[in-house]
Number of protein chains: 2
Amino acid sequence: MRIIKLDDRSMKHILTDMLKRDPNHYDEYSETVQKIVADVKQRGDEALLEYTRRFDGAELDASCIQVTQDEIHEAIKGVEPGLLEVMKRSMDNIRRYHEKQRCNSWFDSKPDGTILGQKVTALERVGVYVPGGKAAYPSSVLMNIIPAEVAGVRQIVMVTPPDREGRVNPVTLAAACLAGATKVYKAGGAQAVAALAFGTESIPKVNKIVGPGNIFVALAKKAVYGHVSIDSIAGPSEILVIADETANPRYAAADLLSQAEHDELACAILVTTSSRLAETVAREVEEFLKVLPRSEIMKKSLERYGYILVVDSMEKAIEAANSIAPEHLEILTENPFEVMTKIQNAGAIFMGEYSSEPLGDYFAGPNHILPTNGTAKFFSPLGVDDFIKKSSIIYYSREALGKAHQDIERFAESEYLTAHANSIRVRFEGQEEKQ
Amino acid sequence: MRIIKLDDRSMKHILTDMLKRDPNHYDEYSETVQKIVADVKQRGDEALLEYTRRFDGAELDASCIQVTQDEIHEAIKGVEPGLLEVMKRSMDNIRRYHEKQRCNSWFDSKPDGTILGQKVTALERVGVYVPGGKAAYPSSVLMNIIPAEVAGVRQIVMVTPPDREGRVNPVTLAAACLAGATKVYKAGGAQAVAALAFGTESIPKVNKIVGPGNIFVALAKKAVYGHVSIDSIAGPSEILVIADETANPRYAAADLLSQAEHDELACAILVTTSSRLAETVAREVEEFLKVLPRSEIMKKSLERYGYILVVDSMEKAIEAANSIAPEHLEILTENPFEVMTKIQNAGAIFMGEYSSEPLGDYFAGPNHILPTNGTAKFFSPLGVDDFIKKSSIIYYSREALGKAHQDIERFAESEYLTAHANSIRVRFEGQEEKQ
């Protein structure tokens, strides 16, 4: 990994470079995605199945696009019992954490008969996108579905692309069943997103679509935003490790690589106050690359988006982290809690040497679907909040409105909204003298 | 207003018709908006000022695009003191309500040294769009800015289009100053949204853009979503009034008109169990139309999107409301609280005959920037939540990770993410026998 002494210029260069990974920059695919979305909206299942044939190579018809109970039972039987137990323990932690995110409806009342409040309602039906491809990601299935289930969503519709034989990975199916998916459909890519947004003969229209996917999924989610809600537009993954001279270089190196292995666009950055640590981590990375299986991917992503940045002070390291707003932030310093207080922007913050990033990916409980590529400046981890919405509650008594009515009429009239003023005024017709 | 006996067919027709007002359907403007956004992103102030000249007719240069302190003081002096007092009373209510929406960072700890939590951070810089045009909407300024201020946003940047003389409405400016805008710029339309999203020489880049606007603003917000966050895509306004035979028909009529006056796309629907009330309300509407100033707009919007729907039962009325998911819902029934419990989808719920919709627009405290056009099925009123984001907090001790490490390694390996497993494994190198 290259080692750079960080200054304003190199910082700016790194930020610009990282943002090039932004799905919003892939305009070349945008037209294709728009076309697919419009086509599925128009022709429903027919278009969906055509695209499934074209992109996934699977010959499905409407009668077998939904995964059956038999397929699910079969899948669960096929999963190694030990792995199922691990998934259940992980699920318990995820559920327990997300249950703490629940928020109540509330109200506030005054003795004059005023009641104001906020009613919290779960979304009725949500769509969960789970990537397919060569590997299966049952952990993402759990992370997508459990918060929806905890929020009280009654219909959780999952879509995931089939393989060429029209099958869905059994571990994915087992996870979906454990976590509580209501229905699972064999569909992926922009066509699956469009099907969830508009509904087809087979797939019901949902209120919100969540979950990460490839560039086509990301662009399709953006295209349907407004018709439905979406969680965010996911980009490639990244980790930033802040370390001082007390950090274990072997742990830091292993953690950087755990992100670098995702794909060639993944980004792994160490920011350290110790140039000695910088050197050792670089050496440890080289050592690991010799023995770890996915070293080809890691080498490519480190070459393009891997950095070891040496800074003069912990303040500079924190500033760099806040500018980059990493999806995953590890703090490997003497007092990680103190550093955490100064962190403004990060998806998840892992503190201390026994909190490496994969702990969060698989087990601890917080969600691993996190804002990527700088969007932690304004987006949050997927959570129960994503699956509820709020309605304001307003109740005024005659007494309460009586005290306010002239103010409201005046304010409305200042905006020339005379029918607004009228709607208040009619309630006090013939009462003007008494006020 | 037309009176219709509601059945499934008419319901479907009304829903389809209403959704035609959706900003996502205005594809004809989409290309223009994309072009403006790309141009401002590329050329900054130069492009911004050109569009301001073209669309607002104002000749500004970079030196006078920001509203000065002098202009603000001048503006405040020009506002009628009585109106300022009204605005301050309204502001107090808005602030008090939104303060109740604040949420805490939290953590949960276990004696084995596990700490999990969620850190809440205010967004650093947000952009607030305030429409200009003929009328000024100081109430929208308050509703946009106060929740950001309550959330703890340090930089609140407001944009609003200037008139042909390059001036901003003084009441708008006074409201911005009262509510706590940090900076105000004379810019509107898609060009102002692009300037906030990407930054120009004059206007700083923000993290999120909120506030309603016309179709160009709505499409521009969608175009920049992902680069920045946005609150939602606002469409035209609507009200739905549920009323039984106990409702005051004159109040119901006045309240329907208070929405119909917004613009020709506004929608006003009464759903009632009483065909007698239906008739009386229709008559009252006619009477009001004879005397209210904005009757031309109201007539047009009622003709296109105004309905009085007669239903067999309160259950049917509630079902209709939940299908339409109105921005504003009034419940004028004998026991409005009981009806409220069954409402799933509505931006704001106004209960009882002294809680007419303009009370919420101007004074009660809850936000008047609400999900429109059916999006209350998944969006919420603007609020403090819009101006904060969350970071997960994860801290495990050696003991805690020791108990979990084999599970995590196993789960990671099942997904073939071997460097993930390695990052956990290195922490227990040479310890296998002891486990």
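Predicted model, so just to flag it, every value in this text is computed and none were measured.

The rules behind the values
Residues numbered from 1 in each chain as written. Chains lettered and ligands numbered in written order. Predicted model: local features only at pLDDT ≥ 70, side-chain atom pairs only at ≥ 80, totals over all residues. Heavy atoms only, no water. Least-squares fit on C-alpha atoms with pLDDT ≥ 70 in both. Contact = heavy atoms within 4.5 Å. Core = buried A, V, L, I, M, F, W, Y, C linked by side-chain atoms within 4.5 Å. Buried < 20%, exposed > 50% of the residue type's maximum accessible area, 1.4 Å probe, protein only. Buried area = accessible area lost by both parts, 1.4 Å probe. Salt bridge = Lys/Arg side-chain N within 4 Å of Asp/Glu carboxyl O. Helix = DSSP H or I, 4+ residues; strand = E, 2+ residues; numbered from the N terminus. Nonpolar A, V, L, I, M, F, W, Y, C, P; charged D, E, K, R; others polar. Expected span 1.5 Å × (residues − 1). Arc of directions from axis to C-beta. Polar contact = N/O pair within 3.5 Å; in protein donor to acceptor, adjacent residues only side chain to side chain. UniProt positions renumbered as here; feature names shortened; annotations may be inferred.

**Brief notes about the relation of the copies chain A and chain B**
Stage number 1. Of the transformation superimposing chain A on chain B, the axial component is 0.0 Å and the angular component is 180 degrees, with the fit at an RMSD of 0.0 Å. Within this description, the copies of the chain are treated as partners about a two-fold rotation axis. For chain A, the minimum C-alpha distance to the rotation axis belongs to Lys222(A) and amounts to 4.0 Å.
Stage number 2. In this assembly, 100% of the residues forming the interface of chain A have copies in chain B that are likewise at the interface, indicating an isologous arrangement.

**Here's the deal with the nonpolar core**
Stage number 1. Within the largest apolar cluster, 197 residues are counted, with the highest numbers of intra-cluster contacts made by Leu257(A) and Leu257(B).
Stage number 2. Discounting residues that sit within four places of it in the chain, Leu257(B) has contacts with Ala419(A), Val285(B), Phe288(B), Leu289(B), Leu292(B), Met298(B) and Leu302(B).
Stage number 3. In this structure, Tyr51(A), Leu60(A), Ala194(A) and Val228(A) belong to the second largest nonpolar core, which totals 33 residues.

**Focus on the interface of chain A and chain B**
Stage number 1. Contact residues are listed per partner, giving 125 residues for chain A and 126 residues for chain B.
Stage number 2. A buried area of about 10,800 Å², summed over both sides, lies between chain A and chain B, and 58% of it is on carbon and sulfur atoms.
Stage number 3. If you look at where chain A meets chain B, you find 12 salt bridges.
Stage number 4. In this structure, Asp407(B) engages Arg89(A) in a salt bridge whose closest nitrogen and oxygen atoms are separated by 2.6 Å.
Stage number 5. Per-element tally for the side of chain A that touches chain B: the top contributor is helix H16 (residues 398-414) of chain A, with nine residues.
Stage number 6. A per-class count over the side of chain A that touches chain B returns 61 nonpolar, 36 polar and 28 charged.

**Here we look at helix H1 (residues 8-19) of chain B**
Residues and elements named next belong to chain B.
Stage number 1. In a regular helix each residue adds 1.5 Å, so 12 residues correspond to 16 Å; H1 covers 17 Å between its end C-alpha atoms and thus fits that length.
Stage number 2. Residues of H1 that are buried include every one of Ser 10, Met 11, Ile 14, Asp 17 and Met 18, and no others. Projected down its long axis, H1 shows its buried positions confined to an angular sector of 130 degrees, all on one face. Those residues of H1 that are exposed and angled more than 90 degrees off the buried face are Asp 8, Arg 9 and Lys 12.
Stage number 3. Looking at the buried residues of H1, the elements they touch are strand E1 (3-5), strand E9 (238-243), strand E10 (267-272), helix H12 (295-305), strand E11 (306-310) and helix H13 (314-324).
Stage number 4. Sitting at the head of H1, Asp 7 places a side-chain oxygen 3.2 Å from the backbone nitrogen of Arg 9.

**Quick word on the UniProt feature "binding site: NAD(+)" (unreviewed entry) in chain A**
All names here are of chain A.
Stage number 1. Summarizing the sequence annotation, UniProt attributes the feature "binding site: NAD(+)" (unreviewed entry) to Tyr 129, Gln 191 and Asn 214 in the numbering used throughout. In sequence the annotated residues extend across 86 residues, while in space they remain close, none of their C-alpha pairs exceeding 12.5 Å.
Stage number 2. Its location among the elements puts Gln 191 in helix H8 (residues 189-198).
Stage number 3. Contact partners of Gln 191, with chain neighbours within four places excluded, come to Ile 36, Val 40, Leu 48, Tyr 51, Thr 52, Phe 55 and Asp 56.
Stage number 4. Engagement of the side chain of Asn 214 in a polar contact is seen with the backbone nitrogen of Phe 216, the distance being 3.0 Å.

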